[in-house]
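# Per-entry structural report
If you want the building blocks of each chain, they are given just below.
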Amino acid sequence: MTVHGLLERALGAVERWQVLDAPGYQVEHGVSLTFLLAGRYARPLQDLLHGVWLGHPLHPALVTVPVGAWAAALVLDGLDAAGRGGPGTGQAARTVVGIGVAGAVASAATGFTDWQHAHDGARRVGLAHAALNSTALALYAWSLRDRGRGRARRARLSGAAGFAVTLASSWLGGALAYRHGLGTDHADRSPEPRRFTAVADESDLVEGEAVGVEVDGRPLVLVAQAGTVRAVGGRCPHLGAPLGEGWLHRGELVCPWHGSRFDLDSGEPAQGPSTAPLPCYDTRLRDGRVEVRRRAHWRTPTAVTTVEEASR
Amino acid sequence: MRADEVLVAHHDVLRGLLRELAGTTDAQTGQRRRLRAEFLRELEVHAQIEDELFYPAVADVSPLLSVAHAEHRQIDDQLATVMRTAPDDPEFATEVRMLEATLHHHTVEEEQRMFPQSHALGEERLQELGRRLQERQRELTRSGAMRLIVRLKRTVLRLV
């Protein structure tokens, strides 16, 4: 069997391992309770950890700290073991292991914050990922303690074992991002429609409520408020929830699944877990019909300015 | 009663409490405290019987478990906000409306999608599940441990 086939089977087994659901929900209750204790700071804290301020998840960016630091420790340990490190190598290795441990704790905080909203297979893979990372963290913490007590050989061994576990765990982390799309943008980024297209009757609008419509088979949300009609994408960038089933709170559109809140003028998330903005549409009323056109925006990577727009 | 009928009846209790809470004024602080405490207690019982009995039973016939779970979480978080907001605060009514919208979406999702899917279990299993749900609901409502958890949660949520 090929490497790919083996990995595929391992991933599939974890995804279908329903035994993980009960402990998974217990862990989530723990995470939820921890945030409840943060009271009014719970939301800003979670937004910070999700990476709402960053525009994409903070977790994958932060994990480069422990992985990088521990990789450096592995190199330094190798030199030291071969007797080619020179003076100060052991001390340097100890420092980078310590940086890695601190970085791993911070990464875990961001990881659990993102994981708490994962569904089904991704939730199970995430739990396995967390279990492996915790094992690696424990090995490195042990290694760090040994380094402080002059047990160099055992410290290098536990460090190497920690690195092997970290590699396996990183593979699961990659599967979460690239296979399950956890943290990737699930909104519809099509540049269509480029010309104003009728999507609903004016009479379909309900003041202060989200109304789900479709344009070329893609979902869209219309919101009429104080004489203005706004239109945004109908799929939540976080995990693709149907925003047409959402509602308004303090003028923002709330995702019905995980409670992301979006500013209707800019599409920006006012609250996570979504880190990406919603696509926005220009609107106008013509003969009792609501017409929309995709808004060209420098922040929207796939938006294409039409000839019509460019010559305006 | 069938399992889904038991749960719809309990949804009605939860919806009724919030409707009553939404109908209060800023001056009725005692009423607001009483209603939100009652809602917290009923919600804890409801989430527990669903998590413990109903969701595992329908795991093979409904793809909506994770969504339902996420919605429970959102209701919980919004209730925490309502518990933190002083009953005479002008924002109280806005937060209750948000809680109502969150609960409404969840109950409609279950009643219109998940419960019809659960019918695949067959009448007999649903009746049996309904009996167990009612039994557990009665047990939890009377349980001293549950009362303690709810009181603890209420205290913590008001403190932070």
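Analysis parameters
- Residues numbered from 1 in each chain as written.
- Chains lettered and ligands numbered in written order.
- Predicted model: local features only at pLDDT ≥ 70, side-chain atom pairs only at ≥ 80, totals over all residues.
- Helix = DSSP H or I, 4+ residues; strand = E, 2+ residues; numbered from the N terminus.
- Rg over C-alpha atoms; globule rule 2.2 N^0.38 Å.
- Buried ≥ 20, exposed ≤ 12 C-beta atoms within 10 Å, placed from the backbone.
- Contact = placed C-beta atoms within 7 Å.
- Core = buried A, V, L, I, M, F, W, Y, C linked by C-beta atoms within 7 Å.
- Expected span 1.5 Å × (residues − 1).
- Arc of directions from axis to C-beta.
- Pairing = 2+ DSSP bridges.
- pLDDT = per-residue confidence, 0-100.
- Nonpolar A, V, L, I, M, F, W, Y, C, P; charged D, E, K, R; others polar.
- Domains from an automatic or database assignment.
- Axes fitted to C-alpha atoms, helices over the stretch in contact; angles between N-to-C directions.
- Parallel < 35°, antiparallel > 145°, perpendicular 65-115°, else oblique.
- Left-handed = near helix turned anticlockwise from the far one by under 90°.

### Concerning the overall build of chain B
Looking only at helices and strands, chain B features 6 helices and 0 strands. Along its sequence from the N terminus, chain B presents helices and strands in the succession α-α-α-α-α-α. For 160 residues, the compact-globule estimate of 2.2 N^0.38 gives 15 Å, and chain B sits close to it at 16 Å. Oriented by its inertia axes, the alpha-carbon framework of chain B measures out at about 50 × 30 × 25 Å. Within chain B, buried positions represent 34% of all 160 residues.

### Looking at the overall build of chain A
Regarding its fold elements, chain A presents 9 helices and 10 strands. C-alpha extents for chain A along the principal axes are approximately 85 × 45 × 45 Å. The buried share among the 312 residues of chain A stands at 38%. Taking the contacts inside chain A whose residues are at least 6 apart along the sequence as the reference set, 58% of them involve residues at least 24 apart.

### Some words on the nonpolar core
Leu220(A), Val221(A), Leu222(A), Val232(A), Leu253(A) and Phe54(B) are the most contacted members of the largest nonpolar core, which totals 47 residues. If one sorts the elements of this core by residue count, helix 2 (residues 29–58) of chain B sits on top with 6 residues. In this structure, Val232(A) is in contact with Val221(A), Leu253(A), Phe262(A), Leu264(A), Gly267(A), Leu278(A), Pro279(A), Cys280(A) and Tyr281(A), ignoring residues within four places of it in sequence.

### Things to note about helix 1 (residues 3–22) of chain B
Residue and element names in this part refer to chain B. Between the first and last C-alpha of helix 1 there are 29 Å, a value that for 20 residues agrees with the 28 Å anticipated at 1.5 Å per step. Taken as a whole, helix 1 has its buried residues at Ala-3, Asp-4, Val-6, Leu-7, His-10, Leu-18 and Leu-21. Down the axis of helix 1, the buried set is contained in an arc of 155°. They therefore lie on one face. Exposed residues lying more than 90 degrees from the buried face of helix 1 are Ala-9, Asp-12, Gly-16 and Arg-19.

### A short note on the sheet that holds strand 6 (residues 252–254) of chain A
Residues and elements named next belong to chain A. Here we have 4 strands laid out as an open sheet, ordered 5-6-7-8, and antiparallel in their pairing. Two strands bound the open sheet, and with one partner strand each, they are strand 5 (247–249) and strand 8 (269–271). Across 2 bridges, strand 7 (residues 261–262) lies against strand 8 in antiparallel orientation. Note on strand 8: the bridge partner recorded for Phe-262 is Pro-269.

### Focus on the confidence of the model for chain A
Predicted coordinates in regions of low pLDDT should not be interpreted in detail. For chain A, per-residue confidence averages 91 on the pLDDT scale, and 95% of positions sit at 70 or higher. The least confident element of chain A, judged by mean pLDDT, is helix 9 (residues 307–310) of chain A at 46; the most confident is strand 7 of chain A at 97.

### Some details on the interface of chain A and chain B
Taken together, the contacts link 17 residues of chain A with 18 residues of chain B. Among the secondary structure elements, those contributing two or more residues to the side of chain A that touches chain B are helix 2 (21–37) and strand 5 of chain A. Here the element with the most residues in the side of chain A that touches chain B is helix 2 of chain A; it accounts for 4 residues. Split into classes, the residues belonging to the side of chain A that touches chain B amount to 6 nonpolar, 7 polar and 4 charged.

### Looking at helix 2 of chain A
Relative to the 24 Å expected for 17 residues at 1.5 Å per residue, helix 2 of chain A spans 24 Å between its end C-alpha atoms, a close match to the ideal helical length. Just downstream of helix 2 of chain A, Gly39(A) is the residue with a positive phi angle, here 55°.

### A few points about the domain arrangement of chain A
All names here are of chain A. Assigned domains within chain A: domain 1 (3–178) and domain 2 (197–310). The interface of domain 1 with domain 2 comprises 12 residues on the first partner and 8 residues on the second. Of the residues contributing to the side of domain 1 that touches domain 2, the split by class is 3 nonpolar, 7 polar and 2 charged.

### Quick word on the sheet that holds strand 2 (residues 210–215) of chain A
All names here are of chain A. One open sheet accounts for 6 strands, arranged 1-10-9-4-3-2; its pairing is antiparallel. The sheet terminates laterally at strand 1 (197–201) and strand 2, the two strands that pair on one side only. Across this sheet, the average inter-strand angle for adjacent strands is 35°, counted without regard to direction.

### Focus: the packing of helix 1 of chain B against helix 4 (residues 92–118) of chain B
Residues and elements named next belong to chain B. Running from N to C, helix 1 and helix 4 point in directions that differ by 165°, and their axes come no closer than 10 Å. Overall, the two elements helix 1 and helix 4 adopt an arrangement that is roughly antiparallel. The two elements helix 1 and helix 4 meet at a crossing, and its hand is left-handed. For the pair helix 1 and helix 4, the contacting residues are Ala-3, Asp-4, Val-8, His-11, Leu-14, Arg-15, Leu-18, Leu-21 and Ala-22 in the first and Val-96, Arg-97, Leu-99, Glu-100, Leu-103, Thr-107, Glu-111, Phe-115 and Ser-118 in the second. When grouped by side-chain class, the residues that make up the contact of helix 1 with helix 4 number 10 nonpolar, 3 polar and 5 charged.

### Some remarks on the packing of helix 6 (residues 89–115) of chain A against helix 7 (residues 120–148) of chain A
Packed helix pairs are specified by the crossing angle of their axes together with the interaxial distance, meaning the distance between the axes. Residue and element names in this part refer to chain A. Contact pair helix 6 / helix 7: the axes reach a minimum separation of 10 Å and the direction vectors enclose 160°. Relative to helix 7, the element helix 6 lies roughly antiparallel. With respect to the hand of their crossing, helix 6 and helix 7 are arranged in left-handed fashion. Residues Arg-94, Val-97, Gly-98, Gly-100, Val-101, Ala-104, Ala-108, Gly-111 and Trp-115 of helix 6 form the contact with helix 7, whose participating residues are Gly-126, Ala-130, Asn-133, Leu-137, Tyr-140, Ala-141, Ser-143, Leu-144 and Arg-147. Here the contact of helix 6 with helix 7 is built from residues that sort into 10 nonpolar, 6 polar and 2 charged.

### Examining the environment of Val290(A)
All names here are of chain A. Counting through the fold element by element, Val-290 comes out in strand 10 (residues 289–294). Using a count of 25 C-beta atoms within 10 Å as the deciding quantity, one classes Val-290 as buried. Between the C-alpha atoms of Val-290 and Met-1, which are 289 residues apart in sequence, the distance is 57 Å. When neighbours within four sequence positions are excluded, Val-290 is seen to be in contact with Ala-198, Val-199, Ala-200, Glu-202, Leu-205, Leu-222, Val-229, Thr-283 and Leu-285.

### As for the environment of Arg84(A)
Topologically, Arg84(A) is positioned in the loop between helix 5 (64–81) and helix 6. Put simply, Arg84(A) and Glu202(A) are 118 residues apart on the chain and 77 Å apart in space, counted from C-alpha to C-alpha.

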